[in-house]
Amino acid sequence: MISNQILQNTIEGIKGITKIELYVMDTDGNVLAETSADAVRYEDSIQSFVDSPADSQVLQGYQFFKIYDESQLEYIVVAKGDSEEVYTIGKIVVFQIQTLLVAYKERYDKDNFIKNLLLDNLLLVDIFNRAKKLHIEMAARRVVFIIETNKENDTGALETVRGMFAGGNKDFITTVDEKNIILVKELSQNEEYHDLEKTAQVIVDMLNTEAMARVHVAYGTIIEDLKEVSRSYKEAKMALDVGKIFYNDHNVMAYSNLGIGRLIYQLPMSLCTMFIGEIFGDNPPDHFDEETLSTIYKFFENNLNVSETSRQLYIHRNTLVYRLDKLQKSTGLDIRTFDDAITFHIALMVVKYMKYLESTDY
């Protein structure tokens, strides 16, 4: 169904050219769009016209026209005036709205198809048949982006994304829930992952500027066939979740760059609990004070470099050594050594993941 705003814009544009007053009504005589407010007086005339077999009619100085959608009466167009010129303008409006109906129906059908494709709701034979009917190429390089907005049903962000990728009809933009906008983007043969990173960053910057929306963008791996769209979507969804757990300072996350976070994300809670218990016993990392945690994170951030870490923390080197010795006594891990540092770093990530599971009522 065409929105009333689109109908309003259409008849206002035509009136601007022809100076003819125009109205669009539903089959019950309700005004959907109008260029003047006097059409409400002719609701009875509309109803009698709907019941008549005629497709057009002149009544009391107005011309009435029917608009069908696949043999179903959808709209009534009314043009003010009974001249041949007004009749011609009325037929032009009818043609324009019928064209919009076809375009919007095709867009709706494509949107519905892409949604089912993303959610893996279609058999392979259905994908092939519907893609052929909708003139969507099966064999093409594509990738799925997920754009998570900071508020639900953000129409401003959705329209901004549509405006960004409106230049090509081979990209698809849709939604599958209240907070995520999905972009299925077709790629040229020379586009690679560094190009996807740039595209994601442009989306973030544009939405921050144009739609005043804080967003996170994640994308899956490049696929070569339409039937693999659901896989790229699932990868992008995992990248979004993993990014929020382990890399919350990043606003762009790629599935191919998740590293060890991808492995931890797939661990069951029982295994995580056992792992943390074996290493830390009754003193898990989330029980450490803020000073200890900030020291650990800064030490890892500086690749286990004592001098640089002490400089950035504005403490004496010996003070840092004292803190690391204290940490070693309480945990049995000396994070100045590579093996213990790896163990400790993984443990910190596992604790983050456990907190995430608890917050989502796994």
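Just above sits the structure.
Fair warning: this is a prediction, and the values are worked out from it, not measured in the lab.

Calculation criteria
For every chain, the first residue of the written sequence is number 1, and numbering continues from 1 along that sequence. Given that the model is predicted, a residue must reach a pLDDT of at least 70 before its local features are reported, and side-chain atom pairs must reach 80 or more before they are shown or counted; all residues, however, enter totals for whole chains, interfaces and linings. Excluded from the side-chain calculations are hydrogens and water; all other atoms, namely the structure's heavy atoms, are used. Starting at the N terminus, helices and strands are each numbered in turn, a helix being any DSSP run of H or I of at least four residues and a strand any DSSP run of E of at least two. Using a 1.4 Å probe on the protein chains alone, a residue whose accessible area is under 20% of its type maximum counts as buried, one over 50% counts as exposed, and one in between counts as partly exposed. Centres within 6.5 Å are what make two rings of Phe, Tyr or Trp a pair, Trp counting through its six-membered ring; a difference in plane orientation under 30 degrees is then read as stacked, over 60 as edge-to-face, and the rest as tilted. Whether a charge lies above a ring is judged from NZ of Lys or CZ of Arg, which has to be within 6 Å of the ring centre and within 35 degrees of the ring normal. In this analysis, two residues are considered to be in contact whenever any of their non-hydrogen atoms come within 4.5 Å of each other.

Caption draft 1: Main features of unusual backbone geometry. The backbone of Lys19 sits at a positive phi, close to 70°, despite the residue not being glycine. Its identity is not glycine, yet Asn303 carries a phi of approximately 55°, on the positive side. Mapped onto the elements, Asn303 comes out in the loop between helix H10 (290-301) and helix H11 (306-313). Owing to a relative accessible area of 67%, Asn303 belongs among the exposed residues under this scheme.

Caption draft 2: Representation of the packing of aromatic side chains in the model. Counted by the stated rule, this structure contains 11 aromatic pairs. Arranged with centres 5.6 Å apart and planes meeting at 45°, the rings of Phe65 and Tyr87 form a pair that is tilted. Placement of Phe65 in strand S4 (residues 62-69) and of Tyr87 in helix H3 (residues 84-118) is noted, with a sequence separation of 22 residues between them. Owing to a relative accessible area of 1%, Phe65 belongs among the buried residues under this scheme. By the ring-pair criterion, three or more aromatic residues cluster together here, those being Phe280, Phe288, Phe300 and Phe344. Against the face of Phe49 rests Lys66, its NZ or CZ located 5.0 Å from the ring centre.

Caption draft 3: Broad picture of the environment of Leu187. With respect to the helices and strands, Leu187 occurs in the loop between strand S8 (180-186) and helix H6 (193-210). Note: C-alpha distance between Leu187 and Asp69 (118 residues apart in sequence) is 35 Å. Residue contacts for Leu187: discarding those within four places in its chain leaves Arg141, Arg142, Val143, Leu196 and Ile222.

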